[in-house]
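# Observations on the model geometry
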Number of protein chains: 2
Amino acid sequence: MSKLLDNVCMELQRLPGIGRRTALRLAMHILKMESETVDSLSESISRFRHDIRYCLSCNNLSDEALCPICSDERRDRSTVCVVEQVGDLMSIENTGQYHGMYHVLGGVISPMQGVGPSDLKIDLLCDKLLAGEIKEVIIAISTSVEGETTLFYLMSRLKAFPDVKVTTIARGIGFGDELEYVDELTITHALLNRREL
Amino acid sequence: MSKLLDNVCMELQRLPGIGRRTALRLAMHILKMESETVDSLSESISRFRHDIRYCLSCNNLSDEALCPICSDERRDRSTVCVVEQVGDLMSIENTGQYHGMYHVLGGVISPMQGVGPSDLKIDLLCDKLLAGEIKEVIIAISTSVEGETTLFYLMSRLKAFPDVKVTTIARGIGFGDELEYVDELTITHALLNRREL
């Protein structure tokens, strides 16, 4: 087998979800792409890794010291939505319904994986709250065991700011979910938090 | 959203099977990789596209004028296995059971996609046959309509070499396939080509 092909397949297999066959399929596709397109692909990967920064205010990925959201004057600075990771922030942004600020923790507390509270950007959040501009903290972290642990720890830290309202996003049956296949815990929550029509 | 992230996601989405979510997941993984690893990934992609060549003898992917198989003196030069594409060659190589040579057509005849016989490396195959060293041509192309058309055309060209034995790989029920789910055509073939035990 060609060393160049072997090489590119091995390198591609370092990416998650890409096995031997997929790597080969990608390589074959790369071969058919315009050489400029391949160069811009390979450059964008390298530049992304080297030049990306974390927003000093919210820990979002950023090209500058402050991310586009933190430097956007039109956003509502009285509300902060706390998320685990950048992907979650993007999912919320994609709804186009939220106009407040964000705070990216950078993970959840997980003793199993050696992630403690000090590994997350919780102090940075508390520092921001000290300024007094924030009126509401919306916690939007997952309902896993780690997520609940993180929520519990966060709540204990947020007690230091009694004037700040703390909320979490609603749990319930997702749109398009079939009740038959939804787990019991979600149904229980959805029943307890039922709304009058 | 960060422009660097946006960029890398857009570029990754040019690859087959990679949508918005997967691109984001790959980008997040790239962020966690060692910067040297990312560089070697990006370099290998670019180098593969620029430096790869096609073997002058069999049309396999190669780093040199001749691919490792064509330049391997220990291979049986009396047998040539004709395949559609490099991936097929690799699948056969991976069995470790075939020690002859290959010939990569580079596709199948497909009028729908504008691929005619002249777009495939059929002349190159005939030129090799002229030398008289080849005793058997094994045709291992897929049984799609395009594959059958290609097979038909190939047979007509190979008539010019009456001394060369032409065979195709056996069709039948694959190991691990459940008879219940195998299509009728395959079962029909498997029945017609039944073997005595």
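Residues numbered from 1 in each chain as written. Chains lettered and ligands numbered in written order. Predicted model: local features only at pLDDT ≥ 70, side-chain atom pairs only at ≥ 80, totals over all residues. Heavy atoms only, no water.

Right, let's talk about the overall build of chain A for a bit. Looking only at helices and strands, chain A features seven helices and six strands. In sequence order, the secondary structure elements of chain A are arranged as α-α-α-β-β-β-α-β-α-β-α-β-α. For 197 residues, the compact-globule estimate of 2.2 N^0.38 gives 16 Å, and chain A exceeds it by more than 25% at 21 Å. Seen along its three principal axes, the alpha-carbon backbone of chain A occupies a region of about 65 × 45 × 35 Å. Counting over 197 residues, chain A shows a buried share of 41%. Looking at chain A alone, contacts between residues at least 24 apart form 46% of all its contacts between residues at least 6 apart. (Helix = DSSP H or I, 4+ residues; strand = E, 2+ residues; numbered from the N terminus. Rg over C-alpha atoms; globule rule 2.2 N^0.38 Å. Buried < 20%, exposed > 50% of the residue type's maximum accessible area, 1.4 Å probe, protein only. Contact = heavy atoms within 4.5 Å.)

On to the sheet that holds strand β4 (residues 100-104) of chain A. Residues and elements named next belong to chain A. One open sheet accounts for four strands, arranged β4-β3-β5-β6; its pairing is parallel. Looking at which strands have only one partner, the edges of the open sheet turn out to be β4 and β6 (165-168). Here the strands of the sheet are splayed against their neighbours by 25 degrees on average, with no regard to which way each runs. Relative to strand β5 (residues 136-139), strand β3 (residues 76-83) is paired through four bridges, and the arrangement is parallel. Considered in β5, the bridge of T79 is made with E136. Contacts from helix α4 (residues 86-95) reach β3 and β4 within the one sheet, and its direction differs from that of β4 by about 160 degrees. (Pairing = 2+ DSSP bridges. Axes fitted to C-alpha atoms, helices over the stretch in contact; angles between N-to-C directions.)

Structurally, A:S2 can be placed in the segment before α1 (3-12). Of note is the side chain of A:S2, whose polar atom sits 3.2 Å from the backbone nitrogen of A:L5. Of note is the side chain of A:S2, whose polar atom sits 2.7 Å from the side chain of B:D63. The residues contacting A:S2, other than those within four sequence positions of it, are B:I52, B:L61, B:S62, B:D63 and B:P68. (Polar contact = N/O pair within 3.5 Å; in protein donor to acceptor, adjacent residues only side chain to side chain.)

Another point: the domain arrangement of chain A. A common way to express how large an interface is: the accessible area buried when the components associate. Taken domain by domain, chain A holds domain 1 (3-51) and domain 2 (74-168). If you average the C-alpha positions of domain 1 of chain A and of domain 2 of chain A, the two centres end up 35 Å apart. (Domains from an automatic or database assignment.)

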